[in-house]
Amino acid sequence: MNIEKTNAQMRKGVLEFCILLIISEKEVYASDILTKLKDAELIVVEGTLYPLLTRLKNDGLLSYRWEESKTGPPRKYYEITTDGREFLEELKKSWNGLVDAVSNLSVKK
Amino acid sequence: MKKTLTVNISGQVFHIDEDAYRVLNDYLQSIKQHFSKTRGGDEIYTDIEARIAEMLKERMQQNKEVITIEDISQVIQTIGDPGEFGTDTEEQSTTGKQDINVKSVKRLYRDPDHAMLGGVCSGLAAYFHTDVVWFRLGFAVAAIVGFGAPVLVYLVLWIVVPEANTLTEKLEMKGEKVNLSNISQSVREEIEKVKSKFNDFASEARSNYKKKSEEYTPNAQRAGYAIVKLVEVFVRIILVFIGVILFIIGISLVIAFLALVFGLGHQIFVFDTELIFIPVPHILTLITGQTDASVFIKTGLILLLGIPVLMILWGGIKLIFGIERTKFAGILFFNLWILGLIICVYYGYKYGKSFRYPGNYQEARKIEVRTDTLITLKVAEAEKFNRLIRNREVIEIEDLKMVLDPGKKEFFYGIPEMKIEKSPGHEVELDMIKMAKGKTGSDADSRAARTVYNYISDHNTLILDPFFILPENELWRVQQVVLIMHVPVGTHLKFEANMDEIVEDDFYFKGDLDGKIWVMSETGLIEENTQP
């Protein structure tokens, strides 16, 4: 097994969770999310973000509004919806469950 | 210097280098294709495009005006390639097939970057990871062996197989995984290619033809492009064919030319056409004598005739191997040719003058023969004559009629011409008229008198020398000897071997004369019907 591959898969799994977490704090646009995800070394290439954002929006978890920019094209500012918040709460629960399970296993070892 | 395009990326205007544009366009196409089957794919594509515009805008703020290929490759590295974007579970279930396609599939494309014609062979080579030469060779050999049927196969493949335009397609063509490292490698290759192409273009910019085709091809429609390419290849084949023909003609002419000037051979064949061997050095010596002039004339002739011959040969070689025109050599050869022309015209005029006036010398002699019995006409025994006549080493160029005898110094021999006419009297007479040309009439007369010709009569037999000759060191001035034999009516004449070479052939068919008996009638010489 390739360690990098496993890491990538693990990150991929929690990526949606992290995106929702970032957006739930405040209204953001794609570049803000990218900066944070990159700092956290959760993504390697930026292209990964866009399909996820679109899907989350299509699933009704996110909404966005357009805002003009002085330096570039108009920006999409993303906001979490009520459905999104509920979904996020569910995710948080299962994440905490996962963390507990993993730490229990690690301790036993 | 580079060509710059103005593009609109996500509503923003950018100036972008042509090469950078191509790479960016390829990249965007590959993203579009990647998300083509994903729900909301268009939106994802638009978002990414906006992100690219944003990144480029940032880069442009650093006092830069034009987007370069380095900017683009930086952008591509940041965004990543579609294969790396990763797909979550939902996408995998709906677009699983596509995912597999992107990762592993190998497709047959036509490769426009390494194409000779339509890129079919280069595409096949990329597909099978072999050298394109084998496919081209295979097609060429098959086309010859298979009576052109593979040409049809080629055309069908050309139409059916799509061209690899985007980076993704180009990678699929080689069956490589579409991921970032491959894409960036391709981008690097692209940069190299554009660079080298630019260099090529710069070096070939002088050649109008290349320039035109270079400008034309990118805009050409696919069908138009194919036809242009086909015509180009056709023209190339025809040019090479012409080159081979020119080469063969050139070689033949060079051999003929060498023979002409240096006397190396006798008969030269060019495409079944016999060129008569003309011993130029000998003729020159005959006309000019042993002087330095002959050296000059020879040089002049070599230049005048040799240069066009060499040009034909060189032209053939150039066409076969596609060698560029060499200006310097052309000018040099042209000047040398003009020099040769001047020399030849000068000497032609100089020696032409000594052929201006005709002159002659006559002597009439009574032949002591009895007319009531058979008179025999024969050619003096001359082994050489027989041999020469048999081997046809006889040169006739208008009045320059001669038999060659390379072994002997005075090699010019003329063959006398004999006419047999009705005599009003009862005796046989022989007029000998020697003719020549010269600078003046008297010069010509005295020259004519110096020609040597002999005959003897013995026991009712007239024995004629086979040739007249010129004395040693006498120059050739169209010397001729005409014999006119006056014979009374009723006289019988018997012609022995070789007489037909001398007697004028107005009244007999060649070959009918030897060994036959003819009789002089009121209307002229007729063949005796009843053999004695």
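Residues numbered from 1 in each chain as written. Chains lettered and ligands numbered in written order. Predicted model: local features only at pLDDT ≥ 70, side-chain atom pairs only at ≥ 80, totals over all residues.

**Remarks on the overall build of chain A**
Move 1: Helix and strand counts for chain A come out as four helices and three strands.
Move 2: Reading the helices (α) and strands (β) of chain A from amino to carboxyl end gives α-β-α-α-β-β-α.
Move 3: Per-residue burial over chain A gives 27% buried out of 109 residues.
Move 4: Long-range contacts, defined here as pairs at least 24 residues apart, represent 46% of the contacts in chain A between residues at least 6 apart. (Helix = DSSP H or I, 4+ residues; strand = E, 2+ residues; numbered from the N terminus. Buried ≥ 20, exposed ≤ 12 C-beta atoms within 10 Å, placed from the backbone. Contact = placed C-beta atoms within 7 Å.)

**Some details on the overall build of chain B**
Move 1: Counting its regular elements, chain B contains 16 helices and 19 strands.
Move 2: Looking at chain B residue by residue over its 532 residues, the buried ones come to 26%.
Move 3: Within chain B, contacts between residues at least 6 apart in sequence are counted, and of these 66% link residues at least 24 apart.

**A look at the sheet that holds strand E2 (residues 12-17) of chain B**
Sheet strands associate in pairs through backbone hydrogen bonding, adopting either a parallel or an antiparallel arrangement.
Residue and element names in this part refer to chain B.
Move 1: Sheet architecture is open: three strands sit in the order E1-E2-E3, paired in mixed fashion. Looking along the sheet, the strands with just one partner apiece sit at the ends: strand E1 (4-9) and strand E3 (66-67).
Move 2: As paired elements, E1 and E2 share six bridges and run antiparallel to each other. Within E2, the residue paired with Val-7 across the bridge is Phe-14.
Move 3: Taken strand by strand, helix H1 (residues 18-34) contacts E1, E2 and E3, and its axis lies near 115° from that of E2. (Pairing = 2+ DSSP bridges. Axes fitted to C-alpha atoms, helices over the stretch in contact; angles between N-to-C directions.)

**Things to note about the interface of chain B and chain A**
Move 1: In this complex, chain B contributes 25 residues to the contact, which on the side of chain A involves 18 residues.
Move 2: Sorting the residues of the side of chain B that touches chain A by element identifies helix H2 (41-60) and helix H3 (69-79) of chain B as the ones contributing at least two each.
Move 3: Considering each element in turn, the side of chain B that touches chain A owes the most residues, nine residues, to H2 of chain B.
Move 4: In the side of chain B that touches chain A, the residues fall into eight nonpolar, eight polar and nine charged. (Nonpolar A, V, L, I, M, F, W, Y, C, P; charged D, E, K, R; others polar.)

**Some details on the pairing of strand E19 (residues 524-527) of chain B**
Move 1: Alignment of strand E18 (residues 517-521) of chain B against E19 of chain B, held across four bridges, turns out to be antiparallel. Looking at E19 of chain B, one finds that Trp-518 of chain B is bridged to Glu-527 of chain B.

**Some thoughts on the sheet that holds strand E11 (residues 417-423) of chain B**
Residues and elements named next belong to chain B.
Move 1: Taken in spatial order, the four strands make up an open sheet running E6-E12-E16-E11, and their pairing is mixed. On the outer flanks of this sheet lie strand E6 (357-367) and E11, each paired with one strand and no other. Between one strand axis and the next, the sheet turns by 20° as a mean value, whatever way the strands run.
Move 2: Of the pairings in the sheet, the one linking E6 to strand E12 (residues 428-438) comprises eleven bridges and is antiparallel in character. In the sheet register, Ile-367 faces E12, and the bridge partner there is Val-428.
Move 3: Sheet strands in contact with helix H16 (residues 441-449) are E6 and E12, and its direction is about 40° off that of E6.

**Section: H2 of chain B**
Move 1: Over its 20 residues, H2 of chain B runs 28 Å from end to end, which matches the ideal 28 Å to within 8%, given 1.5 Å per residue.
Move 2: Residues Ile-44, Tyr-45, Asp-47, Ile-48, Ala-50, Arg-51, Ile-52, Ala-53, Glu-54 and Leu-56 of chain B constitute the buried set of H2 of chain B. (Expected span 1.5 Å × (residues − 1).)

**Considering the nonpolar core**
Burial of nonpolar side chains together is a common tendency in soluble globular proteins.
Move 1: Ranked by internal contacts, the top residues of the largest apolar core, which has 53 residues, are Leu-49 and Leu-53 of chain A together with Ala-20 and Ile-72 of chain B.
Move 2: Here the element with the most residues in this core is H2 of chain B; it accounts for seven residues.
Move 3: Other than its neighbours up to four places away in sequence, Ile-72 of chain B contacts Ala-20, Val-23, Leu-24 and Ile-67 of chain B.
Move 4: If you look at the next biggest cluster of nonpolar residues, it comprises 26 residues, including Phe-468, Leu-470, Ile-502 and Val-503 of chain B. (Core = buried A, V, L, I, M, F, W, Y, C linked by C-beta atoms within 7 Å.)

**Thoughts on the packing of helix H5 (residues 120-128) of chain B against helix H6 (residues 132-145) of chain B**
All names here are of chain B.
Move 1: Closest axis-to-axis distance for the H5/H6 pair is 8 Å, and the angle between their directions is 130°. In terms of orientation, H5 and H6 fall into the oblique class. Crossing hand, H5 versus H6: right-handed. Contacts from Cys-121, Ser-122, Leu-124 and Ala-125 of H5 reach H6 at Val-132, Phe-135, Arg-136 and Phe-139. (Parallel < 35°, antiparallel > 145°, perpendicular 65-115°, else oblique. Left-handed = near helix turned anticlockwise from the far one by under 90°.)

**Observations concerning the pairing of strand E16 (residues 480-488) of chain B**
Residue and element names in this part refer to chain B.
Move 1: Bridging between E11 and E16 involves seven bridges; their strand directions are parallel. What sits directly across from Ser-423, in E16, is Pro-488.
Move 2: With seven bridges joining them, E12 and E16 adopt antiparallel strand pairing. Paired with Leu-430 across the two strands is Met-485, which belongs to E16.

**Notes on the environment of Cys-121 of chain B**
Residue and element names in this part refer to chain B.
Move 1: Within the secondary structure, Cys-121 is located in helix H5.
Move 2: The exposure class assigned to Cys-121 is buried, which follows from the 25 C-beta atoms found within 10 Å.
Move 3: A sequence separation of 33 residues divides Cys-121 from Tyr-154, and the C-alpha atoms of the two residues are 8.7 Å apart.
Move 4: If we ignore the near neighbours within four places in the chain, the residues touching Cys-121 are Met-116, Val-132, Phe-135, Arg-136 and Phe-139.

**Quick notes on the confidence of the model for chain A**
Detailed reading of predicted coordinates is not advised where the pLDDT is low.
Move 1: When the pLDDT values of chain A are averaged, the result is 86; 97% of them are 70 or greater.
Move 2: Looking at the elements of chain A, mean pLDDT is at its lowest for helix H1 (residues 3-25) of chain A, recorded as 83, and at its highest for strand E3 (residues 75-80) of chain A, recorded as 90. (pLDDT = per-residue confidence, 0-100.)

**Thoughts on helix H8 (residues 167-174) of chain B**
Residues and elements named next belong to chain B.
Move 1: Burial analysis of H8 places six of its eight residues in the buried class, the great majority of the element.
Move 2: Buried residues of H8: Leu-167, Thr-168, Lys-170, Leu-171, Glu-172 and Met-173, and no others.
Move 3: Phi turns positive one or two residues past the end of H8, at Gly-175, with a value near 75°.

**Notes on the environment of Leu-246 of chain B**
All names here are of chain B.
Move 1: Relative to the elements of secondary structure, Leu-246 occurs in helix H11 (residues 222-262).
Move 2: The exposure class assigned to Leu-246 is buried, which follows from the 20 C-beta atoms found within 10 Å.
Move 3: Leu-246 sits 65 residues away from Met-311 along the chain, and the two C-alpha atoms are 9.6 Å apart.
Move 4: What Leu-246 contacts, discounting residues up to four positions off in sequence, is Ile-312, Gly-315, Gly-316 and Leu-319.

**Quick word on unusual backbone geometry**
Glycine aside, residues mostly have negative phi angles, and peptide bonds mostly take the trans form.
Move 1: Phi at Glu-41 of chain A is positive, roughly 55°, even though this residue is not glycine.
Move 2: Here Glu-41 of chain A is to be found in the loop between helix H2 (30-39) and helix H3 (49-58).
Move 3: Looking at Glu-41 of chain A, the number of C-beta atoms within 10 Å reads 9, which means it is exposed.
Move 4: Phi angles above zero are rare outside glycine, and Ser-10 of chain B is one such case at about 55°.
Move 5: Topologically, Ser-10 of chain B is positioned in the loop between E1 and E2.

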